[in-house]
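# A look at the structure
Okay, here's what each chain looks like letter by letter:
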Amino acid sequence: MDISIKYDPKSVEKKRYDYWMKGNYFSSYPDDRIPYTIVMPPPNITGVLHIGHMLNNTIQDVLIRYARMKGYNACWIPGTDHASIATEAKVVDQLKKQGLSKSFLGREKFLHYVLEWSKKHKNIIFDQLKKLGCSCDWNRTQFTMNQKLSRSVSKIFIDLYEHGYIYRDYHVVNWDPKAKTTLSDEEVLYEERIGQLYYLKYQIKGEKNYVTVATTRPETIFGDTALCFHPYDSRYFHLKGKYAKVPIINKYIPIIQDSYVDKDFGTGFLKVTPAHDKYDKNIADKHKLDIVDIFNEDATLNEKGLHYKGMNRFEVRKKITEELKQLGFLVKKEKYNHKIGFSERTLSVVEQRLSLQWFLKMREISVPAIEAVKNGDIQFYPKKFNKIYFQWMNQIRDWNISRQLWWGHRLPVYYYGKKPNDFVVAESLEKALKKARKKSENSYLSHDEIWQDTDVLDTWFSSWLFPLSVFDGISHPHNHEISYYYPTEDIVTGSDILFFWVARMIIAGFFFQKKKPFKKVFFTGIVRDSKNQKISKSLNNSPNPIDLINQYGADAVRMGLMLKTSAGKDFHFEEKICLQGRNFSNKVWNAFRLIKSWKIQKSQHVPDYSIIAIKWLKNRFYYVLEMFEKNLQEYKFDESLMILYKFIWYDFCSYFLEIIKPIHGNRCISKIEYLNTIKFFEKILKLLHPYMPFLSEEIWNLIEKRKPEEALIVSYWPKNKSYDYEMLVSFERITQIISKIRNIRNKSNIPYQKSLVLFTMRKKEEKEYNSIILKLANLSKIVSVLEEPKNESIYSFFLDTDQFFLSLADQSYHSTSHMDIIRIEKKIQHFHNLLSLIRKNLSNDKYVSSIPKNLLLKERKKESDTLKKIYQLKKYLKFLRK
């Protein structure tokens, strides 16, 4: 068998993924096995995946591969999200570079460009997932705009409307001026910014007196419809029922009272601008105030802004401040720290704007979703997210589900007249026409007199149905697939979409299917860059995952990410974690090369050390298996992988293989030793497979030729067995003895070729392990003594309460050269020089009094350690000169 010296992930990964695809190992169909289903959080089709997506999908692949090997019918459904706002913004920007615009192209042609974009980026995303090793059922690939899912979205909208849960009304909404669409509260990101607080004078009607109002937005005075103070604020009782004149526009507005006003903010007076602040709108509704909208869709001022018409809102702020100052209405301005909302998708500053939108009533339908998490029917990992979930759910507001975009699920709403209520909700134009004729009592209403709403639904309105719609559970709620696969098992997602997606999926599951949509939710931490910023597409701060895979290999990237993964905890991505993964890949590969280099000898003699090693490895493996699975099932991916990493690197490679390895250049090994090595190496590959699928599958198939049904990906997971814990404790002690002997060799520059004698005063002799100590520590013999040996002893060490002594073997075991003596003398001189420098510092009172206590203690320890090294080297030198 030709096994390359160095592991080459590039050639292996493509070959192995093709092998899995050809074998149809990822596919799932309902059968008599227990299902294990994961629905992938569908990435947006707005570009390539970033490192956060790679982390999320690696975790899902670990879970699905583990479940598959445990005998479950594993079904992992991949998909992509059409991402209305983000995708439309990307395509608009792309068209702008070509000198084209949405309005010029029209809806139909524009959507043609978006479909081309979506097709291209879906393929890019799926190719990246395949390179990562994701074992998704590609036959079940979903897209939130495909026909089945679109039909489900439309049906849900109609059902909810007909049952009174969806309504249309004017509300102050979050408005994205760049995308020219409304946003939900969850799509607004808030940041602390230092701005200005402007103090403006409003003259009281019929008086020369003024009232001063503090505002961060002087440009909105064109929309003022009242001034307001707190009913208990005695400073302003005399103004009750009066009117004040708005500067520049010279319009009189009422002075009212409302308990919403904060008496301690600014002057205790509030300017009420109902069209551009939801709290102001509440005051306006209570006091029946006028509502004046002063902004266009792009947040420039409309005709209400007088001579500022068509000007950008921030430019108006600068200019109107100057005008107010010249007119004497600006009293002062001061720095003010406040939160500003930004659109998550376009990063433009969000404007609050009165708008006619569609809303979904949420409070009533949320109750079962709250109870499911409260009673543990759905579990969050980590549990800290329960509290955050309850806070949001208990304060839940109606969901603004309409968006002023062209890309997305178009509202199944049709209008036929000028009155507010002249519309019907239907799944097609033909059905809408029938409903409209009946509602309007006009049987002659024609196709030309009815038109569909131009808005689309919020992207999340399709995503919240995902666990149901992927199995066609909306259109056919009791079909065979949804009955088999639903509820799904795990959702793996970032905590930043707890409200966008997770909470809403739970609500939808109970409302439409009367069942929870999944059993457990694992929240990944947020992957951050060196500046502590969240890694995201919009910030363009993610390393290219494909470049990392090409450089280190997919298994190395997966392992690096998983070693950093702890439930709900953020971590900073560093490329060196991939290097650690690559080094581990090479370690496993080299272990395999070593094993395959051995030749099976005819002799059945098995050395004592190998018999013990095989027995120990068996016990150690089943102990590790128990700990590994316990952590994996608790979603402690980093801990489970580290347990396996240490077991492979230290237990299997550094101890077991070193113990049984043929000595003196001999490559022959007994059949018993070889078969046991292969047996446990295969078990190790099974544990490694969920984390490092390519490497493990490659070695599995190189060990021996396998039938298709014997592929590692569908092999049976090792079953737990009892183990002798006492033996593991005893062996751990033996490894500590070996380690101490090796450390003495290294510190004292005793070459490995020079054999040593170990004298032991152990109370518990543990002689059965002597053959292992002799081999791995290169000892000539182990001698039990009752007291410290005279003269022969050179070094000693303690392990617990037992003392050990090391001596070079008698003269027949070594020959001293002149160069050995010179080398040791130079070492002694080096440490004497170092000791001189240390003592010079410690004898300097100024130095001792100026440095921190911990550094002083380090210096004194350094002095002590150096003295010990000089003593040991002199002792060794004396022996060499005998």
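## Concerning the overall build of the chain
- Summing up its helical and strand segments, the chain has 27 helices and 31 strands in all.
- The principal-axis extent of the C-alpha atoms belonging to the chain is close to 115 × 80 × 55 Å.
- Counting the 882 residues in the chain, one finds 54% classified as buried.
- Summed over its atoms, the accessible surface of the chain is roughly 41900 Å², and 51% of this surface lies on carbon and sulfur atoms.
- Counting 142 positive and 101 negative side-chain charges, the chain places the centres of these two groups 5 Å from one another.

## Structural notes on the sheet that holds strand β19 (residues 423-425)
- Overall, antiparallel pairing links the three strands, which are arranged β19-β18-β20 in an open sheet. Edge strands, defined here as strands with exactly one partner in the open sheet, are β19 and β20 (451-452).
- Against the sheet, helix α11 (residues 429-440) contacts β18 (413-415) and β19, and its axis sits at roughly 130 degrees relative to β19.

## Quick word on the confidence of the model for the chain
- Residues with a pLDDT of 70 or more make up 96% of the chain, whose mean pLDDT is 91.
- In the model of the chain, strand β25 (residues 571-572) stands out as the element of lowest mean pLDDT, 80, in contrast to strand β2 (residues 73-77), which has the highest, 98.
- Below a pLDDT of 50 lies the segment residues 811-816, which in the model reaches ten contacts outside its immediate sequence neighbourhood of four places, other chains included.

## Re helix α23 (residues 725-748)
- Spanning 24 residues, α23 covers 35 Å between terminal C-alpha atoms, matching the ideal 34 Å at 1.5 Å per step.
- With a side-chain oxygen lying 3.1 Å from the backbone nitrogen of Glu726, the N-terminal cap of α23 falls on Asp724.
- Following α23 by one or two positions, Asn749 adopts a phi angle in the positive range, close to 55 degrees.

## So, the packing of helix α21 (residues 671-688) against helix α22 (residues 693-703)
- Running from amino to carboxyl end, α21 crosses α22 at an angle of 155 degrees, the nearest separation of the two axes being 9 Å. The orientation of α21 relative to α22 falls into the category roughly antiparallel. Once α21 is placed against α22, the crossing between them reads as left-handed. Along its contact with α21, which presents Ile678, Phe681, Glu682, Leu685, Lys686 and Leu688, the element α22 presents Ser696, Ile699, Trp700 and Ile703.

## A word on the sheet that holds strand β29 (residues 779-784)
- Taking strand neighbours across the sheet as the criterion, the four strands line up as β29-β28-β31-β30 in an open arrangement whose pairing is mixed. The strands lining the two open edges of the sheet, one partner per strand, are β29 and β30 (795-799). Neighbour to neighbour, the strand axes of the sheet diverge by 20 degrees on average, direction disregarded.
- Summarising the sheet, strand β28 (residues 756-760) and strand β31 (residues 802-808) pair through five bridges and their orientation is antiparallel. Counterpart to Leu756 in the pairing with β31 is Leu808.

## Points about the nonpolar core
- Judged by nonpolar contacts, the single largest core of 127 residues is most densely connected at Phe637, Ile741, Leu758, Ile772 and Ile773.
- In terms of residue count, helix α20 (residues 637-660) provides more of this core than any other element does, 13 residues in total.
- Residue contacts for Ile772: discarding those within four places in its chain leaves Tyr609, Ile612, Ala613, Ile659, Phe731, Ile734 and Ile738.
- The next biggest cluster of nonpolar side chains, apart from the first, holds 65 residues, and it includes Leu149, Ile396, Tyr484 and Phe510.

What counts and how
Residues numbered from 1 in each chain as written. Predicted model: local features only at pLDDT ≥ 70, side-chain atom pairs only at ≥ 80, totals over all residues. Heavy atoms only, no water. Helix = DSSP H or I, 4+ residues; strand = E, 2+ residues; numbered from the N terminus. Buried < 20%, exposed > 50% of the residue type's maximum accessible area, 1.4 Å probe, protein only. Areas by Shrake-Rupley, 256 points an atom, 1.4 Å probe, with all protein chains shown as cover. Lys, Arg positive; Asp, Glu negative; His and termini not counted. Charge placed at Lys NZ, Arg CZ, Asp CG, Glu CD. Pairing = 2+ DSSP bridges. Contact = heavy atoms within 4.5 Å. Axes fitted to C-alpha atoms, helices over the stretch in contact; angles between N-to-C directions. pLDDT = per-residue confidence, 0-100. Expected span 1.5 Å × (residues − 1). Polar contact = N/O pair within 3.5 Å; in protein donor to acceptor, adjacent residues only side chain to side chain. Parallel < 35°, antiparallel > 145°, perpendicular 65-115°, else oblique. Left-handed = near helix turned anticlockwise from the far one by under 90°. Core = buried A, V, L, I, M, F, W, Y, C linked by side-chain atoms within 4.5 Å.

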